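Take a look at the letters that make up each chain.
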Amino acid sequence: MSLKMYTAVSVAFLNAPFFLQEMIPAKHLHVTMSFQDVEEFKHSIYADQLTGPIPESSLVTSLEYWEHNDITVAILYAPDWEEARECFDSCGLTYQQYAFKPHVTLGKGDLRNLLGSLVGYRAVPLDTYFRIKDFGR
């Protein structure tokens, strides 16, 4: 069993065309802000620490296909998320094993040709949440 804790910010794409909204289930769209072993988290966190620095919106700068995970992601304008990442780090919510690259997973497979028109739209944060999941399987 490999329990991980992650913090995420759910997002929606502002004014995205209807066909894109139909293809990408909104309940799955999020930016992962922290990802770490549950055993390593030993801090107290207040809710306002996690919501204050979240950007009001963030530009989709490109789409990338990550072959190792077989997913397509929307890359967000990184400077929008720097203050939030610093705040999460100061609370003990780290991003282990990977360099933080703000992105939204759009789906399995290479969807860049199908969803390329999403570049230039803005992702709008909705809610911040925690989740614990077993990644050992």
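Since the structure is predicted, the reported quantities are computational estimates derived from the model, not experimental observations. Per chain, residues are indexed from 1 in the order of the written sequence. Two thresholds apply to this predicted model, a pLDDT of at least 70 for residue-level local features and 80 or more for giving and counting side-chain atom pairs, whereas whole-chain, interface and lining totals are computed over all residues. Only hydrogens and water are removed before side-chain values are computed, so all heavy atoms of the structure are retained for them.

## Describing the pattern of salt bridges
- Between Lys or Arg on one side and Asp or Glu on the other, a salt bridge is scored when a side-chain nitrogen of the former is within 4 Å of a carboxyl oxygen of the latter. Scanning the entire structure with this criterion turns up four salt bridges.
- The closest approach of N and O atoms between lysine 101 and glutamate 64, which form a salt bridge, is 2.9 Å. Here lysine 101, found in the loop between helix H3 (82-90) and strand S5 (103-108), pairs with glutamate 64, found in strand S3 (residues 58-66); they are 37 residues apart in sequence, far enough to count as distant.
- The classification of residues rests on relative accessible area computed with a 1.4 Å probe and restricted to protein chains. Under 20% of the type maximum is buried, over 50% is exposed, and intermediate values are partly exposed. Classification of glutamate 64 by relative accessible area gives partly exposed; the value is 23%. The numbering of helices and of strands both runs from the N terminus, where a helix is a DSSP run of H or I of at least 4 residues and a strand a run of E of at least 2.

## Quick look at the state of the cysteines
- Any two cysteine sulfur atoms lying within 2.5 Å of each other are counted as a disulfide. The final tally for this structure, using the stated rule, is zero disulfides.
- Left without a disulfide partner, cysteine 87 is nearest to the cysteine sulfur of cysteine 91, which lies 4.5 Å away.
- For cysteine 91, a relative accessible area of 5% translates into the label buried.

## Points about unusual backbone geometry
- One non-glycine residue, aspartate 70, lies in the positive phi region at around 55°.
- With respect to the helices and strands, aspartate 70 occurs in the loop between S3 and strand S4 (71-76).

## Remarks on H3
- Within the span of H3, buried status applies to Ala84, Arg85, Cys87 and Phe88. The buried residues of H3 occupy an angular sector of 160° when the element is viewed end-on, so they sit on one face. Exposed residues pointing more than 90 degrees away from the buried face of H3 are listed as Glu83, Glu86 and Ser90.
- Looking one or two residues beyond H3, the residue adopting positive phi is glycine 92, at roughly 90°. The directions from the helix axis to the C-beta atoms are what the arc is built from.

## Side note on the side chain of glutamine 36
- Relative to the helices and strands, glutamine 36 resides in strand S2 (residues 30-37).
- Setting aside residues no more than four positions away along its own chain, glutamine 36 makes contact with Leu3, Lys4, Met5, Phe41, Gly92, Leu93, Thr94 and Gln96. Note on contacts: a residue pair qualifies if any of its non-hydrogen atoms lie within 4.5 Å across the two residues.

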